Amino acid sequence: MGAGRSHEPSTGTEPSAAGDAPSAPARASGSRRFPSVTRDTARPEGGGRAAPGDAPAPARQWPLLTVLIAVGFGLLTVATEPFGQAFRVGLVIIGAALMAGAALRWTLPSVGMLAVRSRFTDITTYGVLGVAIVLLALMAQPRPWLNIPFLEDAVHFTVR
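Residues numbered from 1 in each chain as written. Predicted model: local features only at pLDDT ≥ 70, side-chain atom pairs only at ≥ 80, totals over all residues. Heavy atoms only, no water.

Side note on the overall build of the chain
Part 1 of the reasoning: The helix and strand inventory of the chain stands at five helices and zero strands.
Part 2 of the reasoning: The linear arrangement of helices and strands in the chain, starting from the amino end, is α-α-α-α-α.
Part 3 of the reasoning: Restricting to contacts in the chain with at least 6 residues of sequence separation, those with at least 24 account for 52%.
Part 4 of the reasoning: A total accessible area of about 11800 Å² is found for the chain, and carbon and sulfur atoms account for 65% of it. (Helix = DSSP H or I, 4+ residues; strand = E, 2+ residues; numbered from the N terminus. Contact = heavy atoms within 4.5 Å. Areas by Shrake-Rupley, 256 points an atom, 1.4 Å probe, with all protein chains shown as cover.)

If you want it as structure tokens, here you go:
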């Protein structure tokens, strides 16, 4: 057992580790559980404004707006179907927008509301979803633009 340590609860009157002020009083129950009501949440790392505070609101959130406008353009392309294979092109635009969101999250120190969780989680989520959407769009039937033989074999093996 370490020197100066005991099993008795703190009374709140002992000096702190620095020796200059009393430590905070211990809870009466001695429980180490987290509080049942959260009083505040931390902003995600990089979740600050992407532009100065005196800029208009859309300018402060330009990374998120860039991704949303590109996704909206892809959805509009899929919905209106102005040409053959438009669904494929629209989905590639959507996937590329998500991958651009991952790139923005990685390179910019502050991305506003594009920051949802930690930087690693955001980059991984945006990147994986973007790549998956692009690959699925390129492999969609009929007449896929990308043919990956082992995936076709896996589908034939599982569906038999």
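Quick notes on the packing of helix α3 (residues 86–107) against helix α4 (residues 119–139)
Part 1 of the reasoning: α4 packs onto α3 with a crossing angle of 160° between their chain directions and a minimal axis gap of 8 Å. On the basis of the axis angle, α3 is roughly antiparallel to α4. Two packed elements cross with a definite hand, and for α3 against α4 that hand is left-handed.
Part 2 of the reasoning: When its residues are assigned to classes, the contact of α3 with α4 shows 17 nonpolar, four polar and four charged. (Axes fitted to C-alpha atoms, helices over the stretch in contact; angles between N-to-C directions. Parallel < 35°, antiparallel > 145°, perpendicular 65-115°, else oblique. Left-handed = near helix turned anticlockwise from the far one by under 90°. Nonpolar A, V, L, I, M, F, W, Y, C, P; charged D, E, K, R; others polar.)

Considerations on the pattern of salt bridges
When the charged atoms of two side chains lie near each other, side chains of opposite charge can form a pair.
Part 1 of the reasoning: In total, this model carries one salt bridge according to the counting rule given.
Part 2 of the reasoning: Here Arg 105 ties to Asp 122 by a salt bridge, and the two come within 2.8 Å at their closest N and O atoms. Of this pair, Arg 105 sits in helix α3 while Asp 122 sits in helix α4, placing them 17 residues apart in sequence.
Part 3 of the reasoning: A relative accessible area of 3% means that Asp 122 is categorised as buried. (Salt bridge = Lys/Arg side-chain N within 4 Å of Asp/Glu carboxyl O. Buried < 20%, exposed > 50% of the residue type's maximum accessible area, 1.4 Å probe, protein only.)

Some words on the side chain of Thr 77
Part 1 of the reasoning: One can find Thr 77 in helix α2 (residues 62–80).
Part 2 of the reasoning: At a separation of 2.8 Å, a polar atom in the side chain of Thr 77 contacts the main-chain carbonyl oxygen of Phe 73.
Part 3 of the reasoning: Beyond its immediate chain neighbours, meaning those up to four positions away, Thr 77 contacts Pro 82, Phe 83, Ala 86, Gly 90 and Ile 93. (Polar contact = N/O pair within 3.5 Å; in protein donor to acceptor, adjacent residues only side chain to side chain.)

Some points on unusual backbone geometry
Part 1 of the reasoning: Put simply, Gln 141 and Pro 142 share a cis peptide bond, and its omega is -5°.
Part 2 of the reasoning: In this fold, Pro 142 is placed in the loop between α4 and α5 (149–159).
Part 3 of the reasoning: Positive phi is not limited to glycine here, since Gln 85 has a value of about 65°.
Part 4 of the reasoning: In this fold, Gln 85 is placed in the loop between α2 and α3.
Part 5 of the reasoning: The phi dihedral of Arg 143 falls on the positive side, at around 50°, and the residue is not glycine.
Part 6 of the reasoning: Position of Arg 143 relative to the elements: it lies in the loop between α4 and α5.
Part 7 of the reasoning: Its relative accessible area of 62% is what places Arg 143 among the exposed residues.

Section: the nonpolar core
Part 1 of the reasoning: Of all hydrophobic cores here, the largest spans 12 residues; its members are Leu 64, Val 67, Val 71, Ile 94, Ala 97, Leu 98, Ala 102, Leu 104, Val 111, Leu 114, Ala 115 and Tyr 126.
Part 2 of the reasoning: Every element with two or more residues in this core is listed here: α2 and α3.
Part 3 of the reasoning: If one sorts the elements of this core by residue count, α3 sits on top with five residues.
Part 4 of the reasoning: In this view, Leu 114 contacts Pro 63, Leu 64, Val 67, Gly 101, Leu 104, Arg 105, Asp 122 and Tyr 126; residues no more than four positions away in its chain are not counted. (Core = buried A, V, L, I, M, F, W, Y, C linked by side-chain atoms within 4.5 Å.)

Examining the packing of α2 against α3
Part 1 of the reasoning: The interhelical angle for the contact between α2 and α3, taken along N-to-C directions, is 170°, at an axis separation of 7 Å. When the axis of α2 is compared with that of α3, the two are roughly antiparallel. Residue-level contacts link Trp 62, Pro 63, Val 67, Ala 70, Val 71, Phe 73, Gly 74, Leu 75, Thr 77 and Val 78 of α2 to Ala 86, Phe 87, Gly 90, Leu 91, Ile 93, Ile 94, Ala 97, Gly 101 and Leu 104 of α3.
Part 2 of the reasoning: When grouped by side-chain class, the residues that make up the contact of α2 with α3 number 15 nonpolar, four polar and no charged.

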